[in-house]
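# Coordinate inspection notes
Chain by chain, the residues:
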Amino acid sequence: GGIITQTPKFLIGQEGQKLTLKCQQNFNHDTMYWYRQDSGKGLRLIYYSITENDLQKGDLSEGYDASREKKSSFSLTVTSAQKNEMAVFLCASSIWGSSAETLYFGSGTRLTVL
Amino acid sequence: QQQVRQSPQSLTVWEGETAILNCSYENSAFDYFPWYQQFPGEGPALLISILSVSDKKEDGRFTIFFNKREKKLSLHIADSQPGDSATYFCAASERGSALGRLHFGAGTQLIVIP
C-alpha cells in the first residue's frame with residue numbers, strides 16, 4: 001500500500017498572504033489532484049497533473065497556482081488569501097487519471113485566513 | 001451548476017436500522033458512480049461503486065440501487081453501526097471523458113446512534 005502525506009495539517013494565514021500547501025505520494029501514481037472542500041459544497045477540483053511538469057486547470061483554479069516538479073509531489077499555492085476564508089484542501093492521486101479510477105486522498109490541510 | 005445532488009444533507013438513524021442516502025445527476029452521459037466515505041479528520045476513501053450497465057451493486061452491508069431512466073441512485077447501509085457515522089459523497093463521471101472529471105455531490109452526513 002501507499003500513503004499520501006499533506007503538509008501542513010493546519011495553516012493559518014493573513015489576508016493577502018501567499019500560502020503554499022504540499023503533497024507527497026508513494027503510490028508511484030502518475031496523476032495527482034488538488035480539491036477544495038467547503039462545508040455543504042462537496043469537493044471541487046482546483047488543479048490536476050497527469051505527469052511530472054504537467055498542469056491542468058479544474059473548475060476552481062482562479063486564485064491558485066500549482067507545481068508538479070517530481071512524480072511524487074504536487075504543490076498548491078494560494079496566491080492571495082481571502083479574509084475569513086476557511087476550507088480543507090485535499091490532495092489525491094490515481095494510477096493513470098482516467099475518470100473511472102479510484103482516487104486516494106490525503107487527510108487534508110485545513111486553512112484559516114484571519 | 002451542480003452536476004450531482006445528494007439528499008438529505010444530514011441523516012440520523014438508530015443502530016441496526018437501514019440508512020438510505022440519495023443521489024441524482026444531470027448528465028445522462030455519466031456511467032460510473034462511486035461513493036466515497038469520509039471520517040472526521042481524514043480524506044475520503046472509496047466505499048463502493050457501480051457502472052450504469054448495472055442496477056444494483058452489493059458489498060456486505062452496503063448496496064447501491066441505480067435507476068438510469070430517472071438518473072437517480074441510492075446507497076443503502078443495512079444494520080447501521082456507530083462506526084458508519086461519516087460523511088458520504090456520491091460522485092459521477094463519464095468513463096470516456098477527459099482525465100480528472102469526477103463530479104462530487106455535496107455529501108450526506110450520517111450519524112448512527114447506539
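Please refer to the structure placed before this passage.
This text gives an overview of the structure that appears in the document. Small disclaimer: the values here were computed from a predicted structure and weren't measured.

Definitions and cut-offs
Residues numbered from 1 in each chain as written. Chains lettered and ligands numbered in written order. Predicted model: local features only at pLDDT ≥ 70, side-chain atom pairs only at ≥ 80, totals over all residues. Heavy atoms only, no water. Helix = DSSP H or I, 4+ residues; strand = E, 2+ residues; numbered from the N terminus. Rg over C-alpha atoms; globule rule 2.2 N^0.38 Å. Buried < 20%, exposed > 50% of the residue type's maximum accessible area, 1.4 Å probe, protein only. Contact = heavy atoms within 4.5 Å. Areas by Shrake-Rupley, 256 points an atom, 1.4 Å probe, with all protein chains shown as cover. Disulfide = S-S within 2.5 Å. Buried area = accessible area lost by both parts, 1.4 Å probe. Salt bridge = Lys/Arg side-chain N within 4 Å of Asp/Glu carboxyl O. Core = buried A, V, L, I, M, F, W, Y, C linked by side-chain atoms within 4.5 Å. Pairing = 2+ DSSP bridges. Axes fitted to C-alpha atoms, helices over the stretch in contact; angles between N-to-C directions.

In this section: the overall build of chain A. Within chain A, the secondary structure is distributed over 0 helices and 11 strands. Tracing chain A from N to C terminus, the helices and strands come up as β-β-β-β-β-β-β-β-β-β-β. For 114 residues, the compact-globule formula gives about 13 Å, and the C-alpha radius of gyration of chain A, at 13 Å, lands near that figure. Dimensions of chain A, computed from C-alpha atoms along their principal axes, come out at roughly 35 × 30 × 25 Å. Buried residues in chain A amount to 49% of all 114 residues. Taking the intrachain contacts of chain A between residues at least 6 apart in sequence as the baseline, contacts between residues at least 24 apart amount to 55%. When the accessible surface of chain A is summed, it comes to about 5,500 Å², and 48% of that surface belongs to carbon and sulfur atoms.

Let us look at the state of the cysteines. All names here are of chain A. One pass over the structure, following the stated rule, counts 2 disulfides over all chains. In this model C23 forms its disulfide with C91; the gap between the sulfur atoms is 1.9 Å. Between C23 and C91, the disulfide has an S-S torsion of -75° and is therefore left-handed. Highlighted residues: C23 in strand β3 (residues 19-25) and C91 in strand β9 (residues 86-94), separated in sequence by 68 residues.

Contacts between the two partners involve 25 residues from chain A, matched on the other side by 22 residues from chain B. Between chain A and chain B lies a buried interface of about 1,800 Å² when both sides are counted; carbon and sulfur atoms form 54% of it. For the chain A face of the interface with chain B, the top three residues by lost area are L43, S99 and A100 of chain A, together amounting to 29%. Across the chain A-chain B interface, the total number found is 0 salt bridges. Looking at the side of chain A that touches chain B, the elements with two or more residues in it are β4 (31-38) and β5 (42-49) of chain A. The biggest single contributor to the side of chain A that touches chain B is β5 of chain A, with 4 residues.

This paragraph deals with the nonpolar core. Counting residues in hydrophobic clusters, the biggest one holds 25 residues, and the most contacted among them are W35, L73, L75 and Y88 of chain B. Sequence-distant contacts of L73 of chain B, that is, excluding residues within four places in its chain, are made with L21, N22, C23, Y25, F33, W35, I64, F65, F66 and C90 of chain B. I46, A66, L76 and L111 of chain A belong to the second largest nonpolar core, which has 20 residues in total.

Another point: the sheet that holds strand β8 (residues 72-77) of chain B. All names here are of chain B. Spatially, 5 strands are ordered β1-β3-β8-β7-β6 in an open sheet, and the strand pairing comes out antiparallel. Edge strands, defined here as strands with exactly one partner in the open sheet, are β1 (4-7) and β6 (56-59). Shown here is a sheet whose adjacent strand axes are inclined to one another by a mean of 15°, direction ignored. Bridging between β1 and strand β3 (residues 19-25) involves 4 bridges; their strand directions are antiparallel. Considered in β3, the bridge of Q6 is made with C23.

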